[in-house]
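Structural description and commentary
Spelled out, the chains give:
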Amino acid sequence: MTASDQPRVPALETTRTAAEPAATRSPQPRVPALEATRVTVEPPAWAALERELFAVQDKAWRVFSDRYTERDGRLVFRDSLGHGLDGRDGVDDFYEAFFNWPTLYLLGGSADLLAATRRHWRGVSAQLAEMGMLIDGMERGYDWFHQGEGMLLFYGLCLAEPGDAELRGLARRFADLYLPGGPNYDPEHRVIRAPHNGAGGPRWGFADDEAYFPWSLALRPYGMPLDWIDGFTSFDELAAAPERARAYGRVMWDRMGRGDVIVNLAATSLVTNAYLLTGERRYADWVAEYAGAWRERLDGRDVVPDNAGLTGVVGEYLEGRWYGGHYGWSWPHGLPPVGTGAIVGAANATLLTGDTSYLELARNPLDVVLRHAERRRPADVTTITKRWRPHLRGLEQEETLMAPMRRGDRGWFDWNVMPTQLPVSLWHFSRDAADRERIDHLREGSSWDWAAVHTQRTKEEAGHEEPWYEFLAGRNPGFPERMLRSAMDACAQRVESIENDPVDPAVGPDAFGIHHWQDRNPVVTEALLQLTTGSPQVLYNGGLAQMHVRYHDAALRRPGLPADVAALVSDIRPDHTVVELVNLGQEPREVVVQAGTYAEHVVHTVRADDGPALPVEGPYVAVSLPGSAQVRLTLTMTLRGGPPAYGTPWEAVDQGRVTA
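Residues numbered from 1 in each chain as written. Predicted model: local features only at pLDDT ≥ 70, side-chain atom pairs only at ≥ 80, totals over all residues. Heavy atoms only, no water.

For the rest of this paragraph, the subject is the pairing of strand β18 (residues 614–618). The side chains of a regular strand alternate, residue by residue, between the two faces of the sheet. Pairing geometry for strand β17 (residues 602–608) and β18, over 3 bridges, is antiparallel. In the strand pairing of β18, V603 is matched with G618. (Pairing = 2+ DSSP bridges. Helix = DSSP H or I, 4+ residues; strand = E, 2+ residues; numbered from the N terminus.)

Here you go:
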């Protein structure tokens, strides 16, 4: 199939020509302006806690910024990156320290948070460029499992400031590196040409120095990347014998250091981001084309492969194996990177085309490993990570459903609890009954209480999908208060770790300690995303935000909830979305409720409290909240019924507001 044969963006995009900016929309027929009439004598506990969480974080991010950054926004770091066997690593870690700061602003964080985040992004970019890690603002070349992490900050800034010329120009430049004519993509065979890729084009192999493995002893838990190669016995053997390590590194370069890998699907977010900013059809066409190539690689197979050679043939350098690609099924993590790449690529293609068949690419990795799942005791498994320690504490001898995360010549192996964020993110995007059944299967097989809220903070700032899912199902009514208190506890723990940090603030960590900042980032957005927008945390390895609803302050004309206003989404069924808005202050507030991150959902009707259903037929609803007022909105909508774009609602609201 040639590039011209690929699926195209369907007719839903005809409201905007390719030359128009993505923020330009034809006004919807009416933007209902509802007024809350119910007076709140005693506001709900969740509402007060939600506003307290905003206030706590407004102080916390300033503590982090004061302690760890310099005047121009860069992180305090006197060491250097870009040297040695692991010299391509590290760019993502610098950006990750701020990855969710734009999200906090978009949800209603302080006005100066956006300016501070932009300053840190610019400062860190200058810092990394000085170390030779960037070319024209983008990473020279690394795997998309890590690049996806580092790009979250940029995507968040683009969503927060869609009219900014600098961000728009960079988004185009970055995306063009992957379109036909760019250095990374071969349109004839529809492959990204190397596992390491970026602003410098394909970056063959895994290091700029000689081929060598292991390049870091930290990789020991993951074993041998190619365990079927004759003559090499173990990780420790290679670590102890430099000549053997060089020989194995040359084999890895030849087998794994060129051609396409499934985690490259995260690059579709880079290109989707450019489309959402510009509306240029060529970006949407490429996302459909590249995701379509991976969908075709699945056709006729039981399992989506993780690799393709430079001619597009699966297993081209692996003697026909569909497994064994870099960050694929065999090494190092298996399902987490494979599943994330598949979901991210499928969701982006579905968003831009409206073709839900792409989601089969996302479902396959989850269903395949679940077919092999069995009940095992956590005490018998060596790879349980800190994500599951709070859930399984005291249950080490109890059997719980586990699935194999990896596949090699010896079959499926590396048993663990399935990362719940993967099936939850897929279901939230599709809202398909079969995707919900997959989650229910996991719930039924779990030995722990899915309603429990554990105060834990991984760098992904996720991990509470189970109690949120139970809340949406009506089985966990106390979740909002417990989740908000847990988030405040997590923020307080981070602030305490900053205040007691033994690292010299004038020197910063060394090159081996560059996770130091992300481990202390005090911004917590998972609770606010779940409760105010009805959405899970973004998939950390390169996903774009997928919010069910979001908000704008009509008085200040900025994204986010206005001061004193709290929101709770308790139902996200498209035909029965329920949003509670509370004004805890005495000043009146004006809120615009938007359906979808990109105003891509179409609201058909809205009902205030027990009033009549009013027609909408667009993505926006305006709500007036007098002092101490509260209102429950019930919305019916069609998911992705309109064109997705970054932008603001002000033109539509100004031209189409109708008082209901």
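Don't stop here, the text continues.
A separate point is the sheet that holds strand β10 (residues 400–408). Read across the open sheet, the 3 strands follow the order β9-β10-β11; overall the sheet is antiparallel. Here the strands that pair on one side only, and so sit at the sheet edges, are β9 (374–376) and β11 (411–416). Within the sheet, the average angular offset between the axes of one strand and its neighbour, ignoring direction, is 55°. Inspection of the sheet shows β9 paired to β10 by 3 bridges, in the antiparallel sense. When the bridges of β10 are listed, R376 appears paired with T400. (Axes fitted to C-alpha atoms, helices over the stretch in contact; angles between N-to-C directions.)

Our next topic: the environment of Q630. Considering the arrangement of structural elements, one finds Q630 in strand β20 (residues 629–638). Since its relative accessible area comes to 9%, Q630 is described here as buried. Measuring from C-alpha to C-alpha, the distance between Q630 and V565 comes to 9.4 Å, with 65 residues separating the pair along the chain. Residues in contact with Q630, not counting those within four places in the same chain, are A36, R38, T40, P44, E580, L581, V582 and D609. A polar atom in the side chain of Q630 sits 2.9 Å from the side chain of T40. (Buried < 20%, exposed > 50% of the residue type's maximum accessible area, 1.4 Å probe, protein only. Contact = heavy atoms within 4.5 Å. Polar contact = N/O pair within 3.5 Å; in protein donor to acceptor, adjacent residues only side chain to side chain.)

Quick look at the side chain of R118 now. Structurally, R118 is set in helix α4 (residues 111–130). Residue classification places R118 among the buried positions, given a relative accessible area of 7%. Side-chain polar atoms of R118 contact the side chain of E166, separated by 2.6 Å. Those residues within four positions of R118 in sequence are excluded, and the remaining contacts are L157, E161, D164, E166 and L167.

Across soluble globular proteins, nonpolar side chains have a tendency to be buried as a group. Grouped together as the largest cluster of nonpolar side chains are 176 residues, with contacts concentrated most on F94, L128, F154, Y178, W329, Y551 and L581. The residues touching F154, leaving out its near neighbours within four places in the chain, are W121, L167, L170, A171, F174 and N273. Residues M224, F235, M256 and L318 belong to the second largest nonpolar core, which totals 16 residues. (Core = buried A, V, L, I, M, F, W, Y, C linked by side-chain atoms within 4.5 Å.)

This next bit is on the pattern of salt bridges. Inspection of the entire model under this criterion finds 48 salt bridges. R295 serves as the salt-bridge partner of D355, at 3.7 Å between the closest nitrogen and oxygen. Taken as a pair, D355 in the loop between α11 (335–353) and α12 (359–371) and R295 in helix α10 (residues 281–298) lie far apart in primary sequence, 60 residues in all. With a relative accessible area of 27%, D355 lands in the partly exposed category. Under the relative-accessibility criterion, R295 is labelled buried at 18%. (Salt bridge = Lys/Arg side-chain N within 4 Å of Asp/Glu carboxyl O.)

We now examine the packing of aromatic side chains. Inspection of every chain in the model, using the stated rule, returns 31 aromatic pairs. Residues F206 and W215 carry aromatic rings whose centres are separated by 5.7 Å and whose planes lie at 25° to one another, so their mutual orientation is stacked. Considering the side-chain rings of F213 and W215, the 5.3 Å spacing of their centres and the 85° angle between planes classify their relative orientation as edge-to-face. In this structure F213 comes out as buried when scored by relative accessible area, which is 0%. For W215, a relative accessible area of 18% translates into the label buried. By the ring-pair criterion, three or more aromatic residues cluster together here, those being F206, F213, W215, F232, F235, Y248 and W331. When the ring centre of W415 is taken as origin, the NZ or CZ atom of R376, which lies over that ring, is 4.0 Å away. (Phe/Tyr/Trp six-rings, centres within 6.5 Å; stacked < 30°, edge-to-face > 60°. Lys NZ or Arg CZ within 6 Å of the ring centre and 35° of its normal.)

Residues apart from glycine generally show negative phi values, whereas peptide bonds are mostly found in trans. Between F213 and the following residue, P214, the backbone shows a cis peptide bond with an omega angle of 10°. Here P214 lies in the loop between β6 (191–192) and α7 (235–240). The peptide bond linking W331 to P332 adopts the cis configuration, its omega dihedral lying at 0°. Mapping P332 onto the fold places it in the loop between β8 (307–308) and α11. Unusually for a residue other than glycine, E617 sits at a positive phi of about 55°. By the element assignment, E617 lies in strand β18.

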